[in-house]
Amino acid sequence: MNRLLPKSLSGQFILLLVVALVVSQVLNVILLMGERQFIARTAHYETVINRVVEEAKELPEFEESDLPLMLVAGDAPRGAIFISQINRAALDDRGQAQEQYATILATRLEAAGIKPLSTDARTMGFSGRQPPPPPRGRGGPRGGPPGKGPPPRGGARMYHPRTPPENGGRPGPGFEELVLSAELEPGVWINALAPYYATEAMTARAFLTTGLTLIGAILAAIFLARQIGKPIRELGRAAASLGRGETVEALPVRGPKDIEVTTRAFNTMQERLTRLIEEQRSTLRAVGHDLRTPLTSLRLRAEGIPEEHGREKMIAGLDQLATMTEEILSWSKDASAMEEVVPVDLPALLDSLAQDYSDQSKEVTFLTPTKSFILKCRRSGLRRAIRNVIDNALKYAGNAEITLAEEQDHFCIQIVDDGPGIPADSLEDVLTPFYRLETSRNRGTGGTGLGLSIAQSIVSAHGGSLTLSNHPDRGLQVSMCLPQS
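If you're wondering where the values come from, they're calculated on a predicted model, not measured in any experiment. Counting starts from 1 at the beginning of each chain's written sequence and moves along it residue by residue. Only residues with pLDDT of 70 or above have their local features reported here, since the model is predicted, and side-chain atom pairs are shown and tallied only from 80 upward, although totals for entire chains, interfaces and linings are computed over all residues. Water and hydrogen atoms play no part in the side-chain values, which are based on all heavy atoms of the structure.

Peer 1: Just checking my understanding: could you explain unusual backbone geometry for this structure?
Peer 2: Of all residues except glycine, most have a negative phi; of all peptide bonds, most are trans. For Ser361, which is not a glycine, the phi torsion comes out positive at approximately 65°. Judged by relative accessible area, Ser361 falls into the exposed class, the value being 70%. Positioned with a positive phi, Gln408 is a non-glycine residue whose angle comes to about 55°. Per-residue accessibility, obtained with a 1.4 Å probe over protein chains only, is compared with the maximum for each type, and a residue is labelled buried under 20%, exposed over 50%, and partly exposed between these values.

Peer 1: Looking at this structure, I do not really get the environment of Leu382. What am I missing?
Peer 2: Examined against the element boundaries, Leu382 turns out to sit in helix 8 (residues 379-396). Taking the C-alpha atoms as reference points, Leu382 and Ala461, separated by 79 residues in sequence, lie 9.9 Å from one another. Should any heavy atoms of two residues lie within 4.5 Å, those residues are considered in contact. When neighbours within four sequence positions are excluded, Leu382 is seen to be in contact with Leu346, Leu349, Leu375, Cys377, Ile458, His462 and Leu482. Each helix corresponds to a stretch of at least 4 residues labelled H or I by DSSP, and each strand to a stretch of at least 2 residues labelled E; elements are numbered beginning at the N terminus.

Peer 1: I tried to follow helix 3 (residues 99-111) on my own but got confused; where do I start?
Peer 2: Helix span, expected: 1.5 Å multiplied by one less than the number of residues in the helix. With 13 residues, helix 3 extends 18 Å from end C-alpha to end C-alpha; this agrees with the ideal 18 Å at 1.5 Å per step. Along helix 3, the residues classified as buried are Tyr101, Ala102, Leu105, Ala106 and Leu109. Seen from one end, helix 3 has its buried residues packed into an arc of 140°, which puts them on one side. Opposite the buried face of helix 3, at more than 90 degrees from it, the exposed residues are Glu99 and Ala111. After helix 3 finishes, the residue Gly113 shows a positive phi value of roughly 85°. What the arc measures is the spread of directions leading from the helix axis to the C-beta atoms.

Peer 1: Is there a simple way to explain the pattern of salt bridges in this structure?
Peer 2: A pair is scored as a salt bridge if a Lys or Arg side-chain nitrogen falls within 4 Å of a carboxyl oxygen belonging to Asp or Glu. Per the stated rule, a full pass over the model turns up nine salt bridges. Linking Lys115 and Glu110 is a salt bridge whose minimum nitrogen-to-oxygen distance equals 3.9 Å. Exposure remark for Lys115: the relative accessible area of 63% places this residue in the exposed category. Across the pair Glu271 and Arg275 runs a salt bridge whose closest N-O atoms are separated by 3.8 Å. Within this pair, Glu271 and its partner Arg275 are both found in helix 5 (residues 257-303), separated by four residues, close to a single helical turn. Through salt bridges with shared partners, a single network forms among Glu401, Asp418 and Arg474.

Peer 1: Which parts of the structure should I look at to understand the environment of Gly95?
Peer 2: As for its position among the elements, Gly95 is in the loop between helix 2 (88-91) and strand 3 (96-97). Residue class for Gly95 comes out buried when judged on its relative accessible area of 19%.

Peer 1: Hey, could you run me through the packing of helix 8 against helix 9 (residues 451-461) in this one?
Peer 2: To describe two helices that pack against each other, one gives the angle between their axes and the distance between the axes. Interhelical geometry of helix 8 versus helix 9 gives an angle of 150° and a closest axis separation of 8 Å. Of the possible angle classes, the one that applies to helix 8 and helix 9 is roughly antiparallel. Crossing angle aside, the handedness with which helix 8 passes helix 9 is left-handed. Between helix 8 and helix 9, the contacting residues are Gly381, Leu382, Arg384, Ala385, Asn388, Val389 and Asn392 on the first element and Gly451, Leu452, Ile454, Ala455 and Ile458 on the second. Classifying every residue of the contact of helix 8 with helix 9 by side-chain character gives seven nonpolar, four polar and one charged. Lines fitted to the C-alpha atoms define the axes, with helices restricted to the stretch that makes contact. Angles between their N-to-C directions range from 0 to 180 degrees. Oblique is the label for every angle not falling under 35 degrees (roughly parallel), over 145 degrees (roughly antiparallel), or within 65 to 115 degrees (roughly perpendicular). By convention, the crossing between two helices is left-handed when the near helix turns anticlockwise from the far helix through less than a right angle, and right-handed when the turn is clockwise. Just so you know the grouping, Ala, Val, Leu, Ile, Met, Phe, Trp, Tyr, Cys and Pro go in nonpolar, Asp, Glu, Lys and Arg go in charged, and all remaining residues, Gly too, go in polar.

Peer 1: Teacher, can you tell me more about the sheet that holds strand 13 (residues 476-483) here?
Peer 2: Two modes of strand pairing occur in sheets, parallel and antiparallel, and in both the strands are linked by backbone hydrogen bonds. Pairing in this open sheet of five strands is mixed, and the strands run 8-10-11-13-12 from one edge to the other. Where the open sheet ends on each side, the last strands, each with one partner, are strand 8 (363-367) and strand 12 (465-470). Pairwise comparison of adjacent strand axes, ignoring direction, gives a mean angle of 20° for this sheet. Each pair of strands is called paired provided DSSP finds at least two bridges between the two strands. Here seven bridges tie strand 10 (residues 399-407) to strand 11 (residues 410-416), and the two strands are oriented antiparallel to one another. Considered in strand 11, the bridge of Ala405 is made with Cys412. Running over the sheet, helix 7 (residues 346-359) touches strand 8, strand 10 and strand 11 and is turned about 160° from strand 8. The sheet contacts of helix 9 involve strand 12 and strand 13, and relative to strand 12 the element is tilted by about 135°.

Peer 1: Please clarify how the pairing of strand 8 should be interpreted in this entry.
Peer 2: Walk down a regular strand and you will see the side chains alternate between the two sheet faces. Burial along strand 8 is one-sided: the face carrying Val364 and Phe366 is buried and the face carrying Glu363, Thr365 and Leu367 is not. Of the strand pairs in this sheet, strand 8 and strand 10 are connected by five bridges, and their pairing is parallel. Residue pairing for strand 10: Thr365 is matched across the bridge by Glu401.

This is the structure:
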């Protein structure tokens, strides 16, 4: 599930806002339709109550033998107003008593000069079940013969125009009926059956309005997310470039206040780091020049010392000190990342290195991959880092095997030898400058303990990592993983 979610901040913001908008619009439509249903239902029932009052004021002459007597037959299949000897609202207890409608009916009748003995009201809902039909009297409307006589007074429709469909007389879901009853005289009731569809259909206008609202809000969210996300993406790219040692121009300060503060802090940090590195570079350059002159002078003087006074040992010590000085200056130069970053074909670079060693009759092999790997890096610096690792393998194992693989968003260069390896508790220590393993890697074999340190500094300046491990079947395995971008 997490893999389907957007990874970027702007994507997550847009998704969250879209979900929130959709949910809020759905709830808004539900509440709106519910309110519309309530208003329409109330208006319909008010109309029915008023019609009952009008019919009660103009009741025709009738005898008890004429009951039940139909007063109004509505256009709806079940709609009717009639007089009977029963309280139709209390006849069926399936529905829900509606005291407010009973009170309204009593109040309206009293206002019309009719004092009912009692009133009753009930609403009943149906879900496709066949409700009982209204009672039929011996006479048609106004007591005439069935199917004959004048139509009910005020032949206009009494009910809501959205009447239930004729599905074999069975109303569909959402159909409900209001039953009103008022006792006008002892044992004489005026009853009204008012069918109504409580379910309101979503109109095209409602869909269009909701859709346009969602589209407008989503477009605004996309624009806002891009405005917020753009400076963050620029900041991320600049931080990655700075981590690889590249020269990064100051970022433009824009966006929301929080992002402006972060961008200013990044620009300040970058300026201070650049100034600090330049100061260190100048200091080391000055120290290097200052050391070269006295070392050369001391070596010239040492050559004039008689052999019996240890001339050769003194010269060897000065040569070793000069070598260490050059290595330190070289290491600081690589760590300062002065070289420009350019696209490099890694397989071609590694194959060229392997060929150079093979021309010198050294056992270095490279397993060429089937596809190209292009990496933006400092070509000379990376070449030196790889050479240092290969030289280390040749010095202590006599061979080196190079492989190149792609792992997620990194290119990994692995160099494996068949040597004795390194004790597990010293794998990290050998990356420390001037650290040497006295038992197998000492000054007698050459080196100053800076080869792997320089390689690690170069790889770190590219934003990558250098790790050492002992191969289960062979010797030391060095992995240099560099980010693809």
